[in-house]
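Fold and geometry: a report
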Amino acid sequence: MLRNLLSPKTIVHAHCDLPCGVYDPAQAKLEAESVKACMEKFNASDDDEFRTRAIQIKEERSTLVKEHLWILWTDYFKPPHFAAYPQLNELFNEATKLAGAGGTKGSTDVAVADDLLAKIDQISDIFWETKKA
C-alpha cells in the first residue's frame, strides 16, 4: 500500500537527468571570467594582503569552473553526443585540467585563463548545437 502511494504516477524520459533547461555552460564561463579578473587584479597590485585574497578567490572560482564542467560532461552529454562530437571528451579533459592545479588554480598567468575560456567556448558551441537537435 505504501509503495503504491509513493510510486510515480507519471514516468517521463529525457536525454539528460532533468528536462532541458537546467544545464548551461554559461555557469562555467562566468566563473572562468572571474578567475581571469582575479589574476589581472593580482598582477596589478603590490598589496600582499590583497594579492593573497585574490589568490584565494581565484582558486575557489577555479574549483567551481571544474564542477560546472564536470556536471555538463557527466550529466548532460550522453553517448550520442560523444559519437557526434568525437573531440568532446578531449575538450572537457583539457578544460578541467586548465581549471586545476596545473592551470588557473596554480597560476596567475592570464594567458592560462584565456586558454580556459577558449575551451569553454568550444564546449559551449557544441552544447548549443546539441540543443538544436
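Residues numbered from 1 in each chain as written. Predicted model: local features only at pLDDT ≥ 70, side-chain atom pairs only at ≥ 80, totals over all residues. Heavy atoms only, no water.

Focus on the environment of aspartate 24
With respect to the element layout, aspartate 24 can be found in the loop between helix H1 (2-6) and helix H2 (26-44). Here the alpha-carbon distance between aspartate 24 and tryptophan 128, two residues 104 residues apart in the chain, equals 8.9 Å. In this structure the side chain of aspartate 24 is engaged in a polar contact, spanning 2.8 Å, whose partner is the backbone nitrogen of alanine 26. (Helix = DSSP H or I, 4+ residues; strand = E, 2+ residues; numbered from the N terminus. Polar contact = N/O pair within 3.5 Å; in protein donor to acceptor, adjacent residues only side chain to side chain.)

A closer look at the packing of aromatic side chains
Evaluated as defined, the whole model comprises eight aromatic pairs. Look at tyrosine 76 and phenylalanine 127: their rings are 4.8 Å apart centre to centre, the planes differ by 55°, and that puts the pair in the tilted class. With a gap of 51 residues between them, tyrosine 76 in helix H3 (residues 48-76) and phenylalanine 127 in helix H6 (residues 110-132) connect regions that are remote in the sequence. Assessed through its relative accessible area of 0%, phenylalanine 127 is described here as buried. An aromatic cluster is built from Tyr23, Trp73, Tyr76, Phe77, Phe82, Phe92, Phe127 and Trp128, whose rings are joined through pairwise contacts. Taking NZ or CZ as reference, arginine 51 lies 3.7 Å from the ring centre of phenylalanine 42, over its face. (Phe/Tyr/Trp six-rings, centres within 6.5 Å; stacked < 30°, edge-to-face > 60°. Buried < 20%, exposed > 50% of the residue type's maximum accessible area, 1.4 Å probe, protein only. Lys NZ or Arg CZ within 6 Å of the ring centre and 35° of its normal.)

Details of the environment of glycine 106
Structurally, glycine 106 is set in the loop between helix H5 (88-98) and H6. The exposure class of glycine 106 is exposed, given its relative accessible area of 56%. Remark: the alpha-carbon pair of glycine 106 and isoleucine 55, spanning 51 residues in sequence, is separated by 9.2 Å. Setting aside residues no more than four positions away along its own chain, glycine 106 makes contact with Lys58, Gly100 and Ala101. (Contact = heavy atoms within 4.5 Å.)

Read these as layout, nothing more, since geometry by itself doesn't imply function.
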